[in-house]
Protein chains: 2
Amino acid sequence: MKIAPPDPGLLSLNTATVREKWSLREAIEGCARHGIRGISPWRDKLAALGVKEAAGLMRDNGLTVTGLCRGGMFPAADRKGRQAAIDDNLRAIDDAAVLGARCLVLVAGGLPQGSTDLKGAREMVRDGIGEVLDRARAAGVPLAIEPLHPMYCADRACVNTLAHALDLCDELDTGKGGALGVAVDVYHLWWDPALNAQIERAGDKRLLAFHICDWLVPTTDLLTDRGMMGDGVIDLPLIRSWMEAAGYRGFHEVEIFSARNWWKREPDDVLSVARRRHQERC
Amino acid sequence: MKIAPPDPGLLSLNTATVREKWSLREAIEGCARHGIRGISPWRDKLAALGVKEAAGLMRDNGLTVTGLCRGGMFPAADRKGRQAAIDDNLRAIDDAAVLGARCLVLVAGGLPQGSTDLKGAREMVRDGIGEVLDRARAAGVPLAIEPLHPMYCADRACVNTLAHALDLCDELDTGKGGALGVAVDVYHLWWDPALNAQIERAGDKRLLAFHICDWLVPTTDLLTDRGMMGDGVIDLPLIRSWMEAAGYRGFHEVEIFSARNWWKREPDDVLSVARRRHQERC
């Protein structure tokens, strides 16, 4: 199946892609320079720049904030830790509201230190999202549960399939009012035989973000060896076609953790390549 | 839930655990020395010793061959490659028959070189198993599809969930005659929210092998950083209880790929620790 290239105006930069060399201000200016119209900042760099300052700069440069990375990380060994996570998520919701972000990305969190109780951790994730959902709804900030690859189940996110993320959505947001949905990241989900069916199940109401990069062969590190679109084995046009068939019309956010390659390069070069690959390989 | 320790007589050694220091003969003798009553050899070392010689040694030492590792690797870029894979699987079935192995473990294989056609690769796996199933049935060698962790989808196995493996079983072996089933390896499947349900679905007819080790935090290598039971985050007694509830009465095969730790140790020490941990942490 031949699939038409995507609208270049839908490319967004997740700033993790250039995090080693650029501040958030530089990333914003870089996007403007390269005609990239979406941006998704991380909270550490957002705090360094200041939320209001960042919001103004993004607005002035015509950028859509396609997401704020990240909330979540709900499981903790004790009540105090769980409350701290909830408080942190409430602050993230407020920041996302100031930015006018299309969503706050939630990375669930893994097992508490020393625990093997996966079911319990998953319940903490459900309960944590439940605790912050009203605030998100009131603030007009949709929460996007991002299932992470199963190799992160222990230490980063115990929500590892789109089906699981959507089960949480169905349980917590029965009205499908748009306050709770999912972020579909090809890196985490490309292998799942149920991916197309679950994207369909999500539908446009629940599909809040679409993250792109590629899976390299071989992959030499579990965390920081993602590939540029086209350098790996993911059929990106196919997955995009599933997203579009389900009604998704949002941005395509390039997010590449790459210690051995892209993080070392000049960010202007990275953005040039990303723009081209978005057209040619996505 | 407190779960009683397993029968120590059910421990089996997958010889990959000691592959850096021991030949197959040494592994057989090691099992005998440590009172381990099951063994699962790999084909490279089996060939080095000779299949008949190995079969005799195992029998003389009272060992049950809980599996032969491995067949599979069906996808290939062209017809010739696919036929070569099938021929290799037929040879593996013959070897497994000589050994009286309880199953031939099938690792599906990943994407052919340069391919991004995951659906196509999965069809090649289905067709490949279909091609060899009659021979396996005739030889009395059950084929055990082993779903591998999704991080191996590209280059080792594009069957990554128990659900997918069981779908293949249902499609190819409609009569549930016992010729086709699954190998449940905790390392590959522990993260799956559907694991218990799929183990139940498999039932004793389809549950041909149970492989144990542990998931380390952090995991520093995708291939060779598995942990000894009890050193990681997998709730092994819980998963064993699911296997038993589904009717599984077979061996518990310890299989640890560990370049930085267990492969460097004296295999006799590894076997001692494995025996103890099997009792205390499984």
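Along each chain, the written sequence defines residue order, and numbers are assigned to residues from 1. Key to labels: chains lettered from A, ligands numbered from 1, both in the order written. Per-residue local features are limited, in this predicted model, to residues with pLDDT of at least 70; the limit for side-chain atom pairs, both in listing and counting, is 80 or more; totals at the level of whole chains, interfaces and linings are taken over all residues. Side-chain metrics in this entry use all non-hydrogen atoms of the structure; hydrogen atoms and water are not considered.

S.K.: Describe the overall build of chain A, with residues and values.
M.R.: Where helices and strands are cited, they refer to DSSP runs of H or I of at least four residues and of E of at least two residues respectively, numbered from the N terminus. Per the secondary structure count, chain A includes 10 helices and 9 strands. Our radius of gyration looks at C-alpha atoms and nothing else; its globule reference is 2.2 Å times the residue count to the power 0.38. In terms of C-alpha radius of gyration, chain A reaches 18 Å, essentially the compact-globule figure of 19 Å for 282 residues. Each principal axis of the C-alpha atoms in chain A carries an extent, and together these give about 45 × 45 × 35 Å. Evaluated residue by residue, chain A yields a buried proportion of 60% over its 282 residues. At a minimum sequence separation of 6, the contacts of chain A that also span at least 24 residues come to 79%. Here the term buried applies to any residue with accessible area under 20% of the maximum for its type, exposed to any over 50%, and partly exposed to those in between, with areas from a 1.4 Å probe on protein chains only. In what follows, a contact means two residues having at least one pair of non-hydrogen atoms within 4.5 Å.

S.K.: Let's hear about the pattern of salt bridges: which residues, and what values?
M.R.: Residues and elements named next belong to chain A. By definition here, a salt bridge exists when the distance from a side-chain nitrogen of Lys or Arg to a carboxyl oxygen of Asp or Glu is within 4 Å. Under the defined criterion, the tally for this structure stands at 42 salt bridges over all chains. A salt bridge links R135 to D94, with the shortest nitrogen-to-oxygen separation between them at 3.0 Å. Separated by 41 residues along the polypeptide, R135 in helix α5 (residues 118-139) and D94 in helix α4 (residues 79-99) bring together distant segments of the chain. Overall, the relative accessible area of 35% leaves R135 in the partly exposed class.

S.K.: Quick rundown of the sheet that holds strand β7 (residues 180-185) of chain B? Include the residues and the values.
M.R.: Residues and elements named next belong to chain B. Two strands qualify as a pair provided that DSSP identifies no fewer than 2 bridges between them. Pairing is parallel across the open sheet formed by 9 strands, whose spatial order is β3-β2-β1-β9-β8-β7-β6-β5-β4. Edge strands, defined here as strands with exactly one partner in the open sheet, are β3 (64-65) and β4 (68-72). One ladder, built from 3 bridges, connects strand β1 (residues 11-14) with strand β9 (residues 252-254); its direction is parallel. Within β9, the position partnered with S12 by the bridge is E253.

S.K.: Quick one: what's the story with the confidence of the model for chain A, residue by residue and with numbers?
M.R.: pLDDT expresses how confident the predictor is about each individual residue, on a scale running from 0 to 100. In the predicted model, chain A carries a mean pLDDT of 97, and 100% of its residues have values of at least 70. Both scores are available for the predicted complex, with the pTM at 0.97 and the ipTM at 0.97.

S.K.: A description of the interface of chain A and chain B should follow, citing residues and the corresponding values.
M.R.: The accessible area lost on association of the parts is a frequent measure of interface size. With 28 residues of chain A at the contact, the number on the chain B side is 28 residues. In short, buried area is how much 1.4 Å probe accessible area vanishes from two parts on joining, totalled over both. Of the roughly 2100 Å² buried where chain A meets chain B, counting both sides, 73% is carbon and sulfur surface. Considering only the side of chain A, the residues that lose the most area to chain B are T116, W191 and L222 of chain A, jointly responsible for 25% of the buried surface there. As used in this structure description, the phrase polar contact means that two N or O atoms lie within 3.5 Å; if the pair is within protein, one of them must be able to donate a hydrogen and the other to accept it, and residues adjacent in sequence are counted only when both atoms belong to side chains. Connecting chain A to chain B are 2 residue pairs in polar contact (both at pLDDT 80 or more).

S.K.: With reference to specific residues and values, describe the layout of surface pockets.
M.R.: Reported here for the largest pocket is a volume of approximately 890 Å³. Under the scheme applied, nonpolar residues are Ala, Val, Leu, Ile, Met, Phe, Trp, Tyr, Cys and Pro; charged residues are Asp, Glu, Lys and Arg; polar residues are all the others, including Gly. Taken together, the residues of the lining of the largest pocket break down into 17 nonpolar, 8 polar and 11 charged. Points on a 1 Å grid, built from protein atoms alone, make a cavity when a 1.4 Å probe fits but cannot get out and make a pocket when they are open with protein on both sides within 12 Å along at least 5 of 7 lines; residues with an atom within 4 Å of a point are the lining residues. Grid points are joined across faces, edges and corners, and a volume is the space filled by probe spheres set on the points.

S.K.: Explain the relation of the copies chain A and chain B to me, and be specific about the residues and the numbers.
M.R.: The two copies are related by a screw operation: chain A maps onto chain B through 180 degrees of rotation and 0.0 Å of translation along the axis, at an RMSD of 0.0 Å. Viewed as a symmetry operation, the transformation between the two copies matches a two-fold axis. Superposition of the copies used a least-squares fit over C-alpha atoms from residues whose pLDDT is at least 70 in both.

S.K.: Could you give an account of helix α4 (residues 79-99) of chain B, naming the residues involved and the relevant values?
M.R.: Within an α-helix, residues lying three or four positions from one another point in the same direction, as the helix has 3.6 residues per turn. Residues and elements named next belong to chain B. Taking 1.5 Å per residue as the helical rise, α4 with its 21 residues ought to reach 30 Å, and the 30 Å between its terminal C-alpha atoms agrees with that figure. All buried positions along α4 are accounted for by A85, I86, N89, L90, A92, I93, A96 and L99. Remark: G100 follows α4 within two positions and exhibits a positive phi of approximately 65 degrees. The span one expects for a helix is its residue count, reduced by one, times 1.5 Å.

S.K.: Describe the nonpolar core, and please don't skip the residues or the numbers.
M.R.: A general tendency of soluble globular proteins is for nonpolar side chains to be buried together. Put simply, buried Ala, Val, Leu, Ile, Met, Phe, Trp, Tyr and Cys residues joined by side-chain atoms within 4.5 Å make one nonpolar core. Ranked by internal contacts, the top residues of the largest apolar core, which has 182 residues, are L99, L143, W190 and W215 of chain A together with L143, W190 and W215 of chain B. If we ignore the near neighbours within four places in the chain, the residues touching W190 of chain A are L195, W215, V233, I234 and I239 of chain A together with L111, L118, C153 and A154 of chain B.

S.K.: Describe in detail the pairing of β1 of chain B, supporting the description with residues and values.
M.R.: All names here are of chain B. Here β1 shows a buried face lined by L11 and L13 and a second buried face lined by S12 and N14. Relative to strand β2 (residues 38-40), β1 runs parallel, the two sharing 3 bridges. Counted as the bridge partner of L13 is I39 from β2.

S.K.: Tell me what's going on with the pairing of strand β5 (residues 104-107) of chain A, and back it up with residues and numbers.
M.R.: All names here are of chain A. Burial of the side chains of β5 extends over both faces: L104 and L106 are buried on one face and V105 and V107 on the other. In the sheet, strand β4 (residues 68-72) pairs with β5 via 4 bridges, with the strands oriented parallel. Following the sheet pairing, C69 is matched in β5 by V105. Whether a crossover is right-handed comes down to one check: with the strands pointing away from the viewer, does the path from the first strand over the helix to the second run clockwise; if it does, it is right-handed. Handedness of the β4-α4-β5 crossover: right-handed.

S.K.: How would you explain the sheet that holds strand β6 (residues 143-145) of chain A if you had to name every residue and give the values?
M.R.: Within a sheet, each strand pairs with its neighbour through backbone hydrogen bonds, oriented either parallel or antiparallel. Residue and element names in this part refer to chain A. Pairing within the open sheet is parallel, and its 9 strands lie in the order β3-β2-β1-β9-β8-β7-β6-β5-β4. The sheet terminates laterally at β3 (64-65) and β4, the two strands that pair on one side only. As a rule, the C-alpha atoms of each element are fitted with a line to give its axis, helices using only the stretch in contact, and angles between N-to-C directions run from 0 to 180 degrees. Helix-sheet contacts for α4 involve β3, β4, β5 and β6, and the interaxial angle to β4 is about 155 degrees.

S.K.: How would you sum up unusual backbone geometry? Please name residues and give values.
M.R.: All names here are of chain A. Between C69 and the following residue, R70, the backbone shows a cis peptide bond with an omega angle of 0 degrees. As for its position among the elements, R70 is in strand β4. In this chain, V217 is followed by P218 through a cis amide linkage whose omega measures -5 degrees. Within the element layout of this structure, P218 appears in the loop between β8 (207-212) and α9 (236-245). For M73, which is not glycine, the phi dihedral falls at a positive 55 degrees. Topologically, M73 is positioned in the loop between β4 and α4. Looking at M73, the relative accessible area reads 29%, which means it is partly exposed.

S.K.: Could you give an account of the state of the cysteines, with specific residues and numbers?
M.R.: Here, two cysteine sulfur atoms that lie within 2.5 Å of each other are counted as a disulfide. This structure, assessed with the given rule, holds 0 disulfides over all chains. Counting only cysteine sulfurs, C69 of chain A is the nearest neighbor of C103 of chain A, a cysteine outside any disulfide, at a range of 7.7 Å. Among the residues examined, C103 of chain A registers a relative accessible area of 0% and is labelled buried. Not engaged in a disulfide, the cysteine C282 of chain B finds its nearest cysteine sulfur in C213 of chain B; these two sulfurs lie 9.8 Å apart.

S.K.: Tell me about the packing of α4 of chain A against α5 of chain A, and name the residues and values.
M.R.: Residue and element names in this part refer to chain A. Here α4 crosses α5 at 30 degrees, and the two axes come no closer than 10 Å. In terms of their interaxial angle, α4 and α5 are classed as roughly parallel. Between α4 and α5 lies a crossing of right-handed hand. Seen from α4, the contacting residues are R82, I86, N89, L90, I93, D94 and A97; seen from α5, they are M124, G128, E131, V132, R135, A136 and A139. Among the residues forming the contact of α4 with α5, the class breakdown is 8 nonpolar, 2 polar and 4 charged. To sort the angles, those under 35 degrees are grouped as roughly parallel, those over 145 as roughly antiparallel, those from 65 to 115 as roughly perpendicular, and the leftovers as oblique. Crossing handedness is read from the near helix: turned anticlockwise from the far helix by less than a right angle, it gives a left-handed crossing, and turned clockwise, a right-handed one.

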